[in-house]
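Commentary on secondary and tertiary structure
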Amino acid sequence: MVRRTLFLLVLCGGSLAHADRVITVPRGGKIPFGVVRGEYMFEPSRPGSFDAFLGVGLTTFVDAEIETRQLENQSRFTSLDLNFNVNAPLAGLAPGISVGVLDVADQSPDGRRGYLAISVQDSGGSGPFGGIAPTETTFGFMLGRESHAFVGVSLPLNERFRLLAEADGTKLSGGAEFRTENGPYFRLVFRQEQTLLSVGSTVRF
């Protein structure tokens, strides 16, 4: 009950922060200190499946995110991810660099993984779409039961709408994100044979 109440409060908050994930892969950034972010992703054709995220910026360098996933005909699990942001991305100047651990308690089917993520942004406003926000490209690798590289791209078309794509080492995902002016954001994601919808938002405390 407490978790559900907190999640609803998050969804009612304003959109204050860029996600520390592209879609699911880590990026070289973090949830800002004093910000809580929630996101709920689901597959309309399979109402019993969902992926819920609740993250918080713990310090100016560290954030944490709890993920609860339920897939059809599989057991539900909850995992904890920890992220240390070495440097935030500076458009046209310096990449963002993050290191961390996914599934610290080793509860998910993929198990505990360490990762390094590097995100590079262009100068913004100078790309083919002349967008206000910069285009961001993320690449990195994970080390765990199965080690692999990953890559992701965030391409803003304007200040509210962006295209997303990623390859996490096992599957490709692509989609779009729409951010309201002072409310939640919405995502449509295509992943192999799946079509996923998500809603999320952030709130400062």
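The structure presented is a predicted model; accordingly, all values stated were derived computationally and were not measured.

Ranked by size, the top nonpolar core spans seven residues in total: Val-22, Val-25, Leu-102, Tyr-115, Ala-117, Met-142 and Phe-150. Once residues lying within four places of it in the same chain are set aside, the contact partners of Val-25 are Asp-20, Phe-150, Glu-166 and Asp-168. One finds Ile-23, Met-41, Leu-164 and Leu-196 within the second-largest nonpolar core, a separate group that totals five residues.

This brings us to the environment of Phe-186. The residue Phe-186 is located in strand β11 (residues 185–191) in this model. Looking at Phe-186, the relative accessible area reads 38%, which means it is partly exposed. Counting along the chain gives 147 residues from Phe-186 to Glu-39, while the straight-line C-alpha distance between them is 9.2 Å. Not counting residues up to four positions away in its chain, the partners in contact with Phe-186 are Ala-176, Glu-177, Phe-178, Thr-180, Ser-198 and Val-199.

This brings us to the pattern of salt bridges. Inspection of every chain in the model, using the stated rule, returns 14 salt bridges. Arg-187 is paired through a salt bridge with Glu-177; the nearest N and O atoms lie 2.7 Å apart. Of this pair, Arg-187 sits in strand β11 while Glu-177 sits in strand β10 (residues 172–179), and the two are ten residues apart along the sequence. This pair shows no difference in class: Arg-187 is buried, exactly as Glu-177 is. Members of the salt-bridge network, linked through shared partners, are Asp-20, Arg-21, Arg-37, Glu-39, Glu-65, Arg-162, Glu-177, Arg-179 and Arg-187.

Another aspect to go through is the packing of aromatic side chains. As enumerated under the stated definition, the model contains three aromatic pairs in all. Ring geometry for Tyr-40 against Phe-50: centres 5.6 Å apart, planes inclined by 20 degrees, an arrangement best described as stacked. Linking Tyr-40 in strand β1 (residues 35–43) with Phe-50 in strand β2 (residues 46–57), this pair joins segments that are ten residues apart in sequence. You can call Tyr-40 partly exposed: its relative accessible area is 29%. Judged by relative accessible area, Phe-50 falls into the buried class, the value being 15%. Seen from their ring centres, Phe-61 and Phe-84 are 5.9 Å apart, and the 25 degrees between their planes marks the pair as stacked. Of this pair, Phe-61 sits in the loop between β2 and β3 (62–70) while Phe-84 sits in strand β4 (residues 77–87), and the two are 23 residues apart along the sequence. Of the residues examined, Phe-61 reaches a relative accessible area of 44% and is grouped as partly exposed. Residue classification places Phe-84 among the partly exposed positions, given a relative accessible area of 38%. An aromatic cluster is defined as three or more aromatic residues linked by ring pairs; in this entry it consists of Tyr-40, Phe-42 and Phe-50.

Calculation criteria
- Residues numbered from 1 in each chain as written.
- Predicted model: local features only at pLDDT ≥ 70, side-chain atom pairs only at ≥ 80, totals over all residues.
- Heavy atoms only, no water.
- Core = buried A, V, L, I, M, F, W, Y, C linked by side-chain atoms within 4.5 Å.
- Buried < 20%, exposed > 50% of the residue type's maximum accessible area, 1.4 Å probe, protein only.
- Contact = heavy atoms within 4.5 Å.
- Helix = DSSP H or I, 4+ residues; strand = E, 2+ residues; numbered from the N terminus.
- Salt bridge = Lys/Arg side-chain N within 4 Å of Asp/Glu carboxyl O.
- Phe/Tyr/Trp six-rings, centres within 6.5 Å; stacked < 30°, edge-to-face > 60°.

Interpretation in functional terms is not warranted from these geometric data alone.
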